[in-house]
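# Structure at a glance
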Amino acid sequence: MTESWESFDSGSQSEQSFHLERTHIEPIYDSFLCPLTKQVMRDPVSMENGRTFEREAIEKWFRELRESGRRLVCPLTQKELKNADLNPSIALRNTIEEWMARNEAAQREVAHRCLSLDCSEHEILQALNYIQNICLQSRSNKHAIRNAELIPKVVDMLKSSSRRVRSTTLETLQIVAEEDEENKEIIGEGDTVRTIVKFLNHEHSKEREEAVSVLYELSKSEALCEKIGMVPGAILILLGMSSSDSENVVAVERADKTLDNLGKCEKNVLQMAENGRLQPLLTLLLEGSPDTKLEMAAFLGNLVLSNDAKVFVAQTVGSALVNVMRSGNIKLREAALKALNQISSSCEISARVLIEEAGILPPLVKDLFTVGSNQLPMRLKEISATVLSNIVNSGYDFDSVPLGPDHHETLVSESIIHSLLHLISNTGPAIECKLLQILVGLTGSPTTVLDVVAAVKSSGAIVSLIQFIEAIQPDLRFASIKLLQNLSPHMGPELAHALCATAGQLGSLIKIISEAGGIMEEQAAAVSMLADLPERDKGLTRQMLDEGAFEVIISSLARVRQGETKGSRFTTPYLEGLVRVLARLTFVLEDQPEAISLVRERNIAALFADLLQVNGLDNVQMVAAMALENLSLESKHLTQTPEMPKPGSCFSIFCASKPKGITGLCRLHLGICSFRNTFCLLEGKAVGKLVTCLDHTNEKVVEAALAAICTLLDDEVDVEQGVIVLDEVDAIKLILDILVENRSEILRRRSVYAVERLLRTQDIAVEVSGHPNVNTALVDAFRHGDFRTRQIAERALKHVDKIPNFSGIFPK
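What counts and what doesn't
- Residues numbered from 1 in each chain as written.
- Predicted model: local features only at pLDDT ≥ 70, side-chain atom pairs only at ≥ 80, totals over all residues.
- Heavy atoms only, no water.
- UniProt positions renumbered as here; feature names shortened; annotations may be inferred.
- Domains from an automatic or database assignment.
- Buried < 20%, exposed > 50% of the residue type's maximum accessible area, 1.4 Å probe, protein only.
- Helix = DSSP H or I, 4+ residues; strand = E, 2+ residues; numbered from the N terminus.
- Arc of directions from axis to C-beta.
- Contact = heavy atoms within 4.5 Å.
- Axes fitted to C-alpha atoms, helices over the stretch in contact; angles between N-to-C directions.
- Parallel < 35°, antiparallel > 145°, perpendicular 65-115°, else oblique.
- Nonpolar A, V, L, I, M, F, W, Y, C, P; charged D, E, K, R; others polar.
- Salt bridge = Lys/Arg side-chain N within 4 Å of Asp/Glu carboxyl O.
- Expected span 1.5 Å × (residues − 1).
- Left-handed = near helix turned anticlockwise from the far one by under 90°.
- Polar contact = N/O pair within 3.5 Å; in protein donor to acceptor, adjacent residues only side chain to side chain.
- Core = buried A, V, L, I, M, F, W, Y, C linked by side-chain atoms within 4.5 Å.
- Pairing = 2+ DSSP bridges.
- Disulfide = S-S within 2.5 Å.
- pLDDT = per-residue confidence, 0-100.
- Patch = residues over 30% accessible without salt bridge, like charges linked within 9 Å, V, L, I, M, F, W, Y side chains within 5 Å.
- Areas by Shrake-Rupley, 256 points an atom, 1.4 Å probe, with all protein chains shown as cover.
- Lys, Arg positive; Asp, Glu negative; His and termini not counted.
- Charge placed at Lys NZ, Arg CZ, Asp CG, Glu CD.
- Phe/Tyr/Trp six-rings, centres within 6.5 Å; stacked < 30°, edge-to-face > 60°.

As named in an unreviewed UniProt entry, the protein is RING-type E3 ubiquitin transferase, taken from Papaver somniferum. Quoted verbatim from the Catalytic activity (unreviewed entry) field of UniProt, the annotation for the protein is "S-ubiquitinyl-[E2 ubiquitin-conjugating enzyme]-L-cysteine + [acceptor protein]-L-lysine = [E2 ubiquitin-conjugating enzyme]-L-cysteine + N(6)-ubiquitinyl-[acceptor protein]-L-lysine." On record in UniProt, under Pathway (unreviewed entry), the comment for the protein is "Protein modification; protein ubiquitination."

## A look at the domain arrangement of the protein
Examined at the domain level, the protein breaks down into domain 1 (116-275) and domain 2 (730-811). On a C-alpha basis, the centres of domain 1 and domain 2 stand 91 Å from each other.

## Considerations on helix H24 (residues 449-459)
Buried within H24 are the following residues: Val449, Val452, Val453, Ala455 and Val456. Projected down its long axis, H24 carries its buried residues within an arc of 165°, all on one side. Those residues of H24 that are buried lie in contact with helix H22 (414-424), helix H23 (429-443), helix H25 (462-466) and helix H26 (474-487). After H24 finishes, the residue Gly460 shows a positive phi value of roughly 65°.

## What to know about the UniProt feature "domain: U-box" (unreviewed entry) in the protein
With numbering aligned to this structure, UniProt lists the feature "domain: U-box" (unreviewed entry) at residues 27-106. Secondary structure across residues 27-106 comprises 39% helix and 10% strand; the distance between its end C-alpha atoms is 12 Å.

## A short note on the packing of helix H17 (residues 307-327) against helix H19 (residues 348-356)
The contact between H17 and H19 brings their axes to 8 Å, and the two run at 10°. In terms of orientation, H17 and H19 fall into the roughly parallel class. Here Lys310, Val311, Ala314, Gln315 and Gly318 of H17 lie close against H19, whose contacting residues are Ile349, Ser350, Val353 and Leu354. Of the residues in the contact of H17 with H19, the class split is 5 nonpolar, 3 polar and 1 charged.

## Quick word on unusual backbone geometry
Of note, Ser346 is a non-glycine position whose phi angle comes to about 55°, a positive value. Of note, Ser346 is situated in the loop between helix H18 (330-344) and H19. Its relative accessible area of 63% is what places Ser346 among the exposed residues. With a phi close to 50°, Asn603 is a non-glycine residue in the positive phi region. Relative to the helices and strands, Asn603 resides in the loop between helix H33 (593-601) and helix H34 (604-611).

## Remarks on the side chain of Arg277
On the secondary structure map, Arg277 appears in the loop between helix H14 (266-274) and helix H15 (279-287). Setting aside chain neighbours within four positions, we find Arg277 in contact with Leu239, Ser242, Asp256, Leu259, Asp260 and Met272.

## Considerations on the pattern of salt bridges
This model, assessed by the stated rule, comprises 42 salt bridges. Its salt-bridge partner being Asp591, residue Lys538 comes within 2.6 Å of it at the nearest N-O pair. With a gap of 53 residues between them, Lys538 in helix H30 (residues 538-546) and Asp591 in the loop between helix H32 (571-583) and H33 connect regions that are remote in the sequence. On the basis of relative accessibility, which here comes to 41%, the residue Lys538 falls in the partly exposed class. Note that Lys636 and Asp714 form a salt bridge whose closest N and O atoms lie 3.9 Å from each other. With Lys636 in helix H35 (residues 618-638) and Asp714 in the loop between helix H38 (699-710) and helix H39 (719-728), this residue pair connects regions lying 78 residues apart in the sequence. Residue Lys636 is classed as partly exposed on the basis of its relative accessible area, which comes to 22%.

## Re H26
Its 14 residues place the ends of H26 20 Å apart at the C-alpha level, agreeing with the 20 Å of an ideal helix rising 1.5 Å per residue. In terms of burial, H26 is largely enclosed, as 10 of its 14 residues are buried. Within H26, burial applies to Leu476, Arg477, Ala479, Ser480, Ile481, Leu483, Leu484, Gln485, Asn486 and Leu487. Residues of H26 that are buried sit in contact with H23, H24, H25, helix H27 (492-501), helix H28 (505-513) and helix H29 (521-531).

## With respect to the packing of helix H3 (residues 90-114) against helix H4 (residues 121-137)
Axis separation between H3 and H4 bottoms out at 8 Å; the angle between their running directions is 140°. Relative to H4, the element H3 is oriented oblique. In this structure, H3 crosses over H4, and the sense of that crossing is left-handed. Residue-level contacts link Glu104, Gln107, Arg108, Ala111 and Cys114 of H3 to Glu123, Ile124, Ala127 and Tyr130 of H4.

## Considerations on the side chain of Ser162
Note on placement: Ser162 falls in the loop between helix H6 (151-156) and helix H7 (163-177). Residue Ser162 is classed as buried on the basis of its relative accessible area of 12%. Side-chain polar atoms of Ser162 contact the backbone nitrogen of Arg164, separated by 3.3 Å.

## Quick word on the nonpolar core
Among the nonpolar cores identified, the biggest contains 196 residues, and Leu281, Leu300, Leu321, Ile391, Leu411, Leu582 and Phe608 are the most heavily contacted of them. Two domains each donate at least three residues to this core, and these are domain 1 (116-275) and domain 2 (730-811). Those residues in contact with Leu411, other than ones at most four positions away along the chain, are Leu361, Val365, Leu388, Val392, Phe398, Val401, Leu403, Ile416, Ile417 and Leu442. With 52 residues, the next largest nonpolar core counts Ala111, Leu150, Leu170 and Phe199 among its residues.

## A look at the sheet that holds strand E3 (residues 87-88)
To summarise the sheet geometry, strands pair through backbone hydrogen bonds and adopt either a parallel or an antiparallel arrangement. The strand order E2-E1-E3 describes an open sheet built from 3 strands, whose pairing is antiparallel. Since the sheet does not close on itself, it has two edges, and those belong to strand E2 (52-54) and E3, each with one partner. Across 3 bridges, the pairing between strand E1 (residues 44-46) and E2 is antiparallel. If you follow Pro44 over to E2, its bridge partner there is Glu54. Its contacts with the sheet put helix H2 (residues 55-68) on E1, E2 and E3, and the angle it makes with E2 is roughly 95°.

## Some words on the state of the cysteines
Tallying each qualifying case throughout the model produces 0 disulfides. Lacking any disulfide linkage, Cys119 is separated from the closest cysteine sulfur, that of Cys114, by 5.2 Å. Free of any disulfide, Cys710 has its nearest cysteine sulfur in Cys693, 14 Å distant. On the basis of relative accessibility, which here comes to 8%, the residue Cys710 falls in the buried class.

## So, the confidence of the model for the protein
Low pLDDT means the predicted atomic positions in that stretch should not be read closely. Summing up the model confidence of the protein, the mean pLDDT is 87 and the portion of residues at 70 or higher is 92%. Confidence drops under pLDDT 50 across residues 1-24; counting only partners more than four residues distant or on other chains, this segment forms 42 contacts. Low confidence marks residues 650-657, where pLDDT is under 50. Its contacts with residues over four positions away, or in another chain, come to 4 contacts.

## Digging into a negative patch on the surface
Taken together, the side chains of Asp727, Asp730, Asp763 and Glu767 make up a negatively charged region of the molecular surface. Counting through the fold element by element, Asp727 comes out in helix H39.

## Observations concerning the packing of aromatic side chains
Here a ring pair, both rings aromatic, is described through the centre-centre distance and the interplanar angle of the planes. According to the stated counting rule, one finds 3 aromatic pairs in the structure shown. For the ring pair Tyr29 and Phe32, a centre distance of 5.2 Å and an interplane angle of 75° mean the geometry is edge-to-face. Of the residues examined, Tyr29 reaches a relative accessible area of 43% and is grouped as partly exposed. Taken together, the ring pairs in this structure connect Tyr29, Phe32 and Trp99 into an aromatic cluster.

Next up, the structure:
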């Protein structure tokens, strides 16, 4: 060898210990050293003068002499040589080789003895450095290390308490394992791999880097790939290192390459996929044997994927999975369908990739509707329906995607919707639920809902769809309610008629709405569906009264307002639905005495007045104002007019029109009023709350509030007193502002009506006549409003003398 044991750093080693080591190593003889290199010769050769040199060194000497044009001389004697002939010194070379073998054997013995946890740190490090050096010199030395049984001794040093020893041990194992399969196998014996993996989580980065380097070398052996993967957490830790921003760049690269090597084992591929490294699995799915493809697709179907992963998978193997649906055997098709279900679930982007790039819709629809000998087993049809449900609920524009080569049909064609409805009526609950969810998705889009509505109407399927409200399977019941919710704005009359015609469904719906506990999406959908039904449908309201539905609605509303259902994201739509359903009562007061009784009994007018002040819920405020309008319109019919004084008992000639001798009368309705019994806005102090809504940013709220306020100026009340009431709560300026702002046609019509009534009071007419913006707004309404608005605007302009009053010119 070229270096002796003494060449290593002796550090603080004692002379006694060093001498003990040297007794096992033969000294270097001078004849072994090349005079030029001062190193032990490997290939000694002799010149004509008998001098011996390392072949490479003397040949270099002769070459330099020739290149410089000098004569050939001996490098030692400088005497001229006749030629440059070199003769191998075979005997010397054999002697050197024998010496080296004995010396190396002795040094290996020293190393074997020093690789013990009982030895000092310095002795162990010397031995490890020795092994590194000789292994780097030649592959044969690696064999010698193995034959000397030094590898297990090196492995034992991983247990050292010294960080330097552990780090050097890992470095040594990497060198010993490099390009030597047998050494890798020995290192991989026992629990060594698990121990090395533990260093990946070590707090010291140097040990982590050395450990991943060892694993990288070991992973080049296919036999060890599975063993590394079997260590709990190994693959996950490597994945963490490969994507780390804080690790050393070399360590990150080694971790990534180690994972590439581990991907040669299918078991590791599955583990990697579980932890987010999907490419190896997808590669096998595309390129593996039929059995491997089946295993990978089946495993993919059970994975829980992030949305980003779903998009990646769809882009990589989506087309391949769809092709399997078209032509694969039953097992492969089932695995492919399950994988597609996983990819398409709750991810709009992956669903779009499957639609646009993989062409998933035609084979899915074909799987669902094919009957006869070629039809799929029902369990696979259920998965197909699930995938189609996922795809449909992505919000894609399905009326633009053709289903066949003739491009005549789309997913919302009448024939396709009829087929879906027919299939719903002839399958079991599990697939029924998925089919209903498909229709939920299609009716949730404004671009396709009308096509579905038309098909449902033409098929007469609404009665059969309502029956699912009573389903015992929660998912099936919920899907049907969601579908009916989507249909109700477009099929209100048909849906209301079906609910009234079939016993039980309305009661079931009310029961769902009133279920105790937190507010679920199903409850919000049920009440929203009921709220969308025609509010003036007397038959439905009558049945709801008979079944005590409004009592349930009032109780549910009270629970929400008392904060018993906080924390649900469905609280707002649920509350809005409850208020809208309750407001139905106010649309049938004229024909339903029971409705009036219930409103009085539960003081519902006061409830709606309070709801005007629910900030942040515009729809609730709007509906409350609409309900108060309806109630206020009914006040004039409910007010009790007192008996007039007998003739001669009143001293005023005006006593007949305004019985001032009677106290406690409503100045608007000239009778006995109360908010609870006659719904009088004035008596209920609701006018101020309505006026506050006139300054709302949502014009729908303003429209509803202004409509309710206009009931105070109705022909059947004392308009003059109504104006005074509005003046008292500072409403007049707000009404004029609304007229001037002209935010919507409805607001213009209602504000023109209100202003015309206000202008009947002389003082206000005088004030407004000098208001140019108001005059301009009235003129604009007169010129551009609808017929009714123009008529009212004309009367208003006459009040301020902008249009002359010709009534006295023409004979009546």
